[in-house]
Amino acid sequence: MSSSSTAHKPGRVTLIGGGPGAVDLITLRGARALERADVILTDHLGPAEELDRLVDVTAKEVIDVAKLPYGRRVAQERINELLVENARAGKEVARLKGGDPFVFGRGFEELAVCAKAGIPCEVIPGISSPIAVPGLAGIPITQRGVVHAATVVSGHVPPGHESSLVDWRALAKSGATIAVIMGMRNARAIADELAAGGLDPATPAAIIQEGSTARERVARCELGTLADTIEGQGFRSPAVYVVGAVAGLEPGEAGPEG
């Protein structure tokens, strides 16, 4: 047997965006990458709950590396180690994430780890929840003649927190639609800061929980009642809330030309 045929097979990593939740919203390229994989490292978002509808999970090693909001966590450092260890063992590694790997998904960090380790890494984009989930609920985050800009913001830390990189008061003055993910716990502080920055408390808002799934829930309200609506109706993560004129649009009310 030749030395080339006995050479150790090189492994690689594929970062896959799984979409907002529904199993059929993963891209065709992403689904094919899952089929090829020997090992799948999966989060709790995206199509993780129905992974067996995409691949034969009995023929794969599936590792749950979910980081639940304010709950149990698998350290990012350990996830990085698993990517490198399995790829160096010659395995095809799929890193399945909810949404898109590069939209608050820490995908670039994992890409950098692979590059440093000399491991080939492919990125497969996914449908991003802060855009797709409102859309599925009939809410465009931009609309001709209504708003020409949108900002996607992480609300995992409240305004004024030492770790926050968001100028909420500037956002309040931007005129853009504001789509917030990971912000349920801090909704009251965020709404108060936006109002303090000059955004009218009567600005339309909408909350969408578990968008694209059978458990989807939607409520429309105003900025000033956002936190009360979340608390009063028992909304919880994963959810997106949208603040801006588009949250008040109804089908047939496309807005003026512009």
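Remember, predicted model here, so these are calculated numbers, not experimental data. (Residues numbered from 1 in each chain as written. Predicted model: local features only at pLDDT ≥ 70, side-chain atom pairs only at ≥ 80, totals over all residues. Heavy atoms only, no water.)

Q: Help me understand the domain arrangement of the protein chain in this model?
A: Quite often, the size of an interface is put as the accessible area lost when its parts meet. Domain assignment breaks the protein chain into domain 1 (12–124) and domain 2 (129–248). On a C-alpha basis, the centres of domain 1 and domain 2 stand 28 Å from each other. Together, the buried faces of domain 1 and domain 2 total about 940 Å²; carbon and sulfur atoms form 67% of this surface. In this assembly, domain 1 and domain 2 are joined by one salt bridge. Between E49 and R215 there is a salt bridge, with the nearest N and O atoms lying 3.3 Å from each other. Counting across the domain 1 and domain 2 interface gives two residue pairs in polar contact (both at pLDDT 80 or more). A per-class count over the side of domain 1 that touches domain 2 returns eight nonpolar, two polar and one charged. (Domains from an automatic or database assignment. Buried area = accessible area lost by both parts, 1.4 Å probe. Salt bridge = Lys/Arg side-chain N within 4 Å of Asp/Glu carboxyl O. Polar contact = N/O pair within 3.5 Å; in protein donor to acceptor, adjacent residues only side chain to side chain. Nonpolar A, V, L, I, M, F, W, Y, C, P; charged D, E, K, R; others polar.)

Q: Please clarify how the environment of P158 should be interpreted in this entry.
A: When you line up the elements, P158 lands in the loop between β6 (150–154) and α6 (168–174). Its relative accessible area of 24% is what places P158 among the partly exposed residues. Once the C-alpha coordinates of P158 and F104 are considered, the two residues, 54 residues apart in sequence, prove to be 16 Å apart. When neighbours within four sequence positions are excluded, P158 is seen to be in contact with S164, N186 and A189. (Helix = DSSP H or I, 4+ residues; strand = E, 2+ residues; numbered from the N terminus. Buried < 20%, exposed > 50% of the residue type's maximum accessible area, 1.4 Å probe, protein only. Contact = heavy atoms within 4.5 Å.)

Q: For this particular structure, what's the right way to read helix α3 (residues 76–88)?
A: One full turn of an α-helix is made of 3.6 residues, so residues set three or four places apart face in the same direction. Between its first and last C-alpha atoms α3 spans 18 Å; for 13 residues at 1.5 Å apiece the expected length is 18 Å, and the two agree. Within the sequence span of α3, burial applies to Q76, I79, N80, L82, L83, V84, N86 and A87. Close packing links the buried residues of α3 with β1 (12–17), β2 (39–42), β3 (61–64), β4 (92–97) and α4 (107–117). Just downstream of α3 lies G90, where phi reads positive at about 90°. (Expected span 1.5 Å × (residues − 1).)

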